[in-house]
Amino acid sequence: MRTGRTVRNTLIGLVAALALAACGSSGTDAAKSGNAAGLEKTELNIGIVPVPSTAPLFIAQERGFFKAEGLTIKTETIQAPQAVMPKIINGGIDAFLTSYISLITISDSGATKLKMLAESQQGAPGISGVIVVKDSPIKDPKDLKGKTIAVNALKGLGEVTLSAQLKVHGLAPTDVKLVPVPFAEQLAQLKAGTVDAAWLTEPYISAAQKDLGGRLLVDTLSGPTEGLPLDGWATTADWLTKYPKTAAAFQRAIAKAQQIAATDRQALNKAITTYIKIPAEVASTMAMGTFSTSLNPTRIQRVADLLNEFQVVKNKVDATTLVAAPPQ
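Residues numbered from 1 in each chain as written. Predicted model: local features only at pLDDT ≥ 70, side-chain atom pairs only at ≥ 80, totals over all residues. Heavy atoms only, no water.

1. Looking at the sheet that holds strand 9 (residues 197-201)
- Strand order in the open sheet formed by five strands is 8-7-9-6-10, with mixed pairing between adjacent strands. Here the strands that pair on one side only, and so sit at the sheet edges, are strand 8 (177-180) and strand 10 (215-219). Strand-to-strand twist of the sheet, defined as the mean angle between neighbouring strand axes without regard to direction, takes the value 35 degrees.
- One ladder, built from four bridges, connects strand 7 (residues 148-151) with strand 8; its direction is parallel. Along strand 8, the bridge assignment pairs alanine 150 with valine 179.
- In the packing of helix 6 (residues 157-168) onto the sheet, the strands contacted are strand 6 (128-132), strand 7, strand 8, strand 9 and strand 10, and the crossing angle to strand 9 comes to about 115 degrees. (Pairing = 2+ DSSP bridges. Helix = DSSP H or I, 4+ residues; strand = E, 2+ residues; numbered from the N terminus. Axes fitted to C-alpha atoms, helices over the stretch in contact; angles between N-to-C directions. Contact = heavy atoms within 4.5 Å.)

2. Some remarks on the environment of alanine 248
- Locating alanine 248 in the fold gives a position in helix 10 (residues 244-263).
- Taking the C-alpha atoms as reference points, alanine 248 and glutamate 69, 179 residues apart in sequence, are found 9.4 Å from one another.

3. Comments concerning the packing of helix 2 (residues 55-62) against helix 11 (residues 265-275)
- In the contact formed by helix 2 and helix 11, the axes pass within 9 Å of each other and the chain directions differ by 95 degrees. By the angle between their directions, the pair helix 2 and helix 11 is classed as roughly perpendicular. In this structure, helix 2 contributes Ala55, Phe58, Ile59 and Glu62 to the contact, and helix 11 contributes Ala267, Leu268, Lys270, Ala271, Ile272 and Tyr275.
- Looking at the contact of helix 2 with helix 11 residue by residue, the class counts come to eight nonpolar, no polar and two charged. (Parallel < 35°, antiparallel > 145°, perpendicular 65-115°, else oblique. Nonpolar A, V, L, I, M, F, W, Y, C, P; charged D, E, K, R; others polar.)

4. Thoughts on the pairing of strand 7
- On strand 7, burial covers both faces: Thr148 and Ala150 on one face and Ile149 and Val151 on the other are all buried.
- Here strand 7 runs beside strand 9; their pairing, made up of two bridges, is parallel. For isoleucine 149, the partnering residue across the bridge sits in strand 9 and is alanine 197. (Buried < 20%, exposed > 50% of the residue type's maximum accessible area, 1.4 Å probe, protein only.)

5. Let's talk about helix 10
- Taking 1.5 Å as the rise per residue, helix 10 with 20 residues should run 28 Å; its terminal C-alpha atoms sit 29 Å apart, in good agreement.
- Taken residue by residue, helix 10 has Thr246, Ala247, Ala248, Ala249, Phe250, Gln251, Ala253, Ile254, Ala257, Gln258, Ile260 and Ala261 as its buried positions. (Expected span 1.5 Å × (residues − 1).)

6. Re the layout of surface pockets
- Space inside the largest pocket adds up to approximately 840 Å³.
- Contributions of two or more residues to the lining of the largest pocket are made by strand 3 (95-99), helix 5 (100-109), helix 6, helix 7 (183-192) and strand 9.
- In terms of residue class, the lining of the largest pocket is built from 22 nonpolar, 14 polar and three charged. (1 Å grid on protein atoms, 1.4 Å probe; cavity = no way out; pocket = protein on both sides within 12 Å on 5 of 7 lines; lining within 4 Å. Points joined across faces, edges and corners; volume = space filled by probe spheres on them.)

7. Focus: the side chain of glutamine 251
- Within the secondary structure, glutamine 251 sits in helix 10.
- A polar contact is formed between the side chain of glutamine 251 and the backbone oxygen of alanine 325, at a distance of 3.2 Å. (Polar contact = N/O pair within 3.5 Å; in protein donor to acceptor, adjacent residues only side chain to side chain.)

8. A short note on the sheet that holds strand 11 (residues 231-236)
- Spatial strand order, 2-1-3-11-4: five strands in an open sheet with mixed pairing. In this open sheet, the two edge strands, each paired with only one partner strand, are strand 2 (72-77) and strand 4 (114-119). Taking the axes of each pair of neighbouring strands and ignoring which way they run, one obtains an average angle of 35 degrees across the sheet.
- Of the pairings in the sheet, the one linking strand 1 (residues 43-48) to strand 3 comprises two bridges and is parallel in character. The residue of strand 3 that forms the bridge with isoleucine 46 is alanine 95.

9. Description of the packing of helix 2 against helix 10
- Where helix 2 contacts helix 10, the axes come no closer than 8 Å and their chain directions differ by 105 degrees. Judged by the inter-axis angle, helix 2 sits roughly perpendicular to helix 10. Where helix 2 approaches helix 10, its residues Pro56, Leu57, Ile59 and Ala60 are matched on the opposing element by Phe250, Ala253, Ile254, Ala257, Gln258, Ile260 and Ala261.
- Counted by class, the contact of helix 2 with helix 10 contains ten nonpolar, one polar and no charged residues.

10. Quick notes on helix 6
- Taking 1.5 Å per residue, twelve residues should reach 16 Å; helix 6 reaches 17 Å between its end C-alpha atoms and fits that length.
- Of all twelve residues in helix 6, nine are buried, a share of seventy percent or more.
- Buried within helix 6 are the following residues: Leu157, Gly158, Val160, Thr161, Leu162, Ser163, Ala164, Gln165 and Leu166.

11. A word on the environment of leucine 240
- Within the secondary structure layout, leucine 240 lies in helix 9 (residues 237-242).
- Under the relative-accessibility criterion, leucine 240 is labelled buried at 19%.
- Between the C-alpha atom of leucine 240 and that of aspartate 94, which follows or precedes it by 146 residues, the distance is 9.4 Å.
- Among residues more than four places away in sequence, those in contact with leucine 240 are Lys115, Leu117, Thr235, Ala247 and Ala324.

12. A word on the confidence of the model for the protein
- When pLDDT is averaged along the protein, the result is 88; 89% of the residues meet or exceed 70.
- For residues 1-33, every residue scores under 50 in pLDDT, and the model assigns this stretch 65 contacts once sequence neighbours within four places are set aside. (pLDDT = per-residue confidence, 0-100.)

If you want it as structure tokens, here you go:
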């Protein structure tokens, strides 16, 4: 078994490797205006997150889908849109990968209005959940009452989906204590016992099982949350109004890549291994969500309703206001 420091460094390496890959992406440091194919803008800076949902963008890049639409893509690694909101608002980042929960909470806060251009993944069993170490006295979800659980961010996907699962087991969100801990540090804290459990996503679940003998106690994308839309490519409503043809070009390119990700696991694994730097043996066996080929407001409404139920947002959200129009 690796030491806690080794585990942490390995996972940090995943993020660092993606950051290096992003620096080598095509494009220039400054986004430029252009009129190729009638586009208002041809060079885009896209915020990416080191998770499998990013893979379709790299598939589109590798197969020339963006080039065919007259677009040049530069990427910038981010951890969450909240951390780079000034850059998103001023147009320094044109579009970015975000969870629906972040998209809705940012819009609800009044910081800016966001629109989803294309969905990446829907949830499926096995891709996120609450992990405990193999010798933990916590044997059942009800045993989580009064326990401390690490999540990567408060009021995020982990908190919302866990709250829905706790409800099934007769617990309220206030019955547990959630503490924010970056994914790359969670395994070390689990091993040290500073947290009782941790909410993780892949590939961190696989790492916990391999390095700590971790047990998946609660699958947070099963039962009431199975198939929940997770994330996608978003931009601000103002950017969408300013660059409608560019947005449509981006949507068309991503749509082609989403279709490949949804139907060709080998191509998906290649992108995850090459660009997101998840080891091939992990990529080939880890659970994956469903890669979406459409934006469905009815499906998205499930997320909005959960946020309302658990009082994460102040206002009731109509999902039809969250999505961009499909490309013409």
